[in-house]
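Residues per chain, in single letters:
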Amino acid sequence: MTTIDLNSDVGESFGRWTLGDDAAMFGSVSSANVACGFHAGDPTIIRRTCRKAAAAGVVIGAHVGYRDLAGFGRRFLDVSPVELADDVVYQIGALQALAAAEGARVQYVKPHGGLYNAIVSHTAQAQAVVDAVKSVDPGLPILGLPGSEVLRLAEQAGLRAVTEAFADRAYNPDGTLVSRSQPAAVLHDPVEVAEHVLRMATEGSVRAVDGSILKIHAESICVHGDSPGAVAMAAAVKSVLGDAGVSIGSFL
């Protein structure tokens, strides 16, 4: 039976402000990208998220990003590689401590938002992320977009590079994600999202916005936890994959 990892961005609430239903998402996904406090999340929420993930048997990963709470980490920041590397080390370390307090551990790293998109092509920042992860734990895999600079540099540095696709995002013909500033960049229909993922998991392909079919190899597929209807989309994806004989399981 084919197995695919489903990951979701979680722990993104802050103080009295709640975003998403993490506990419900844990019923469908196998990996949790836990916010580390720079784009979202606070210590109490992060620790609680780790507790719930561990209880659900979901693998915990560090969802590191730019220091940009106001912009939810979705804006590009022109920070120096040294500063960025230190910020990534700091975030991983914070999550490691909070996870350990709940008897769990951090097992991979996935950059968030603006940083994720930047290091598809921004070599200096991609190298900073790789250097940061390697300095903390060279056994931590990095999730990223196929063909990205960060995955190329991760492999070059001896780290495991894990290719990722997106269940609820539209694709450009070159394999990059359609910018969130563009209409229809985010998919919301559970049926459409489920079909999108089924094609990825069983055919190794994705339909781009111009109708062309791209070949894609993904070890993990992301279902964003902050999207409206995220729980329903994740459940639909899990159901469709199960009907096709594809099981959900960590890439580790």
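Criteria and thresholds
- Residues numbered from 1 in each chain as written.
- Predicted model: local features only at pLDDT ≥ 70, side-chain atom pairs only at ≥ 80, totals over all residues.
- Heavy atoms only, no water.
- UniProt positions renumbered as here; feature names shortened; annotations may be inferred.
- Buried < 20%, exposed > 50% of the residue type's maximum accessible area, 1.4 Å probe, protein only.
- Helix = DSSP H or I, 4+ residues; strand = E, 2+ residues; numbered from the N terminus.
- Pairing = 2+ DSSP bridges.
- Right-handed = clockwise from strand over helix to strand, strands pointing away.
- Expected span 1.5 Å × (residues − 1).
- Contact = heavy atoms within 4.5 Å.
- Polar contact = N/O pair within 3.5 Å; in protein donor to acceptor, adjacent residues only side chain to side chain.

An unreviewed UniProt entry annotates the protein as 5-oxoprolinase subunit A of Pseudarthrobacter siccitolerans. For the protein, the Sequence similarities (unreviewed entry) comment in UniProt is given as "Belongs to the LamB/PxpA family." What UniProt states about the protein under its Subunit (unreviewed entry) heading is, verbatim, "Forms a complex composed of PxpA, PxpB and PxpC."

(A) Representation of the pairing of strand S2 (residues 31-35). Counting buried positions along S2 yields five of five residues, so the element is predominantly enclosed. Residue alternation in S2 divides its side chains into two sets, Ser31, Asn33 and Ala35 and Ala32 and Val34, and both sets are buried. In terms of strand pairing, S2 meets strand S3 (residues 59-63) through five bridges, oriented parallel. In the strand pairing of S3, Ser31 is matched with Val59. The parallel pair S2 and S3, bridged by helix H2 (residues 43-56), forms a crossover whose chirality is right-handed.

(B) Looking closely at helix H5 (residues 123-136). Compared with the 20 Å implied by 1.5 Å per residue over 14 residues, the 20 Å span of H5 between its first and last C-alpha is a close match. When H5 is considered as a whole, its buried residues turn out to be Gln125, Ala126, Ala128, Val129, Val130, Ala132 and Val133. If you follow the buried residues of H5, they end up packed against helix H3 (81-100), strand S4 (106-109), helix H4 (113-118), strand S5 (142-144) and helix H6 (149-156).

(C) Up close: the environment of Gln107. Along the chain, Gln107 turns up in strand S4. Spatially, the C-alpha atoms of Gln107 and Gln96 are 9.3 Å apart, while their sequence positions differ by 11 residues. Setting aside residues up to four positions removed in sequence, Gln107 forms contacts with Val59, Ile60, Leu140, Pro141 and Leu252. In this structure the side chain of Gln107 is engaged in a polar contact, spanning 3.5 Å, whose partner is the side chain of Arg105.

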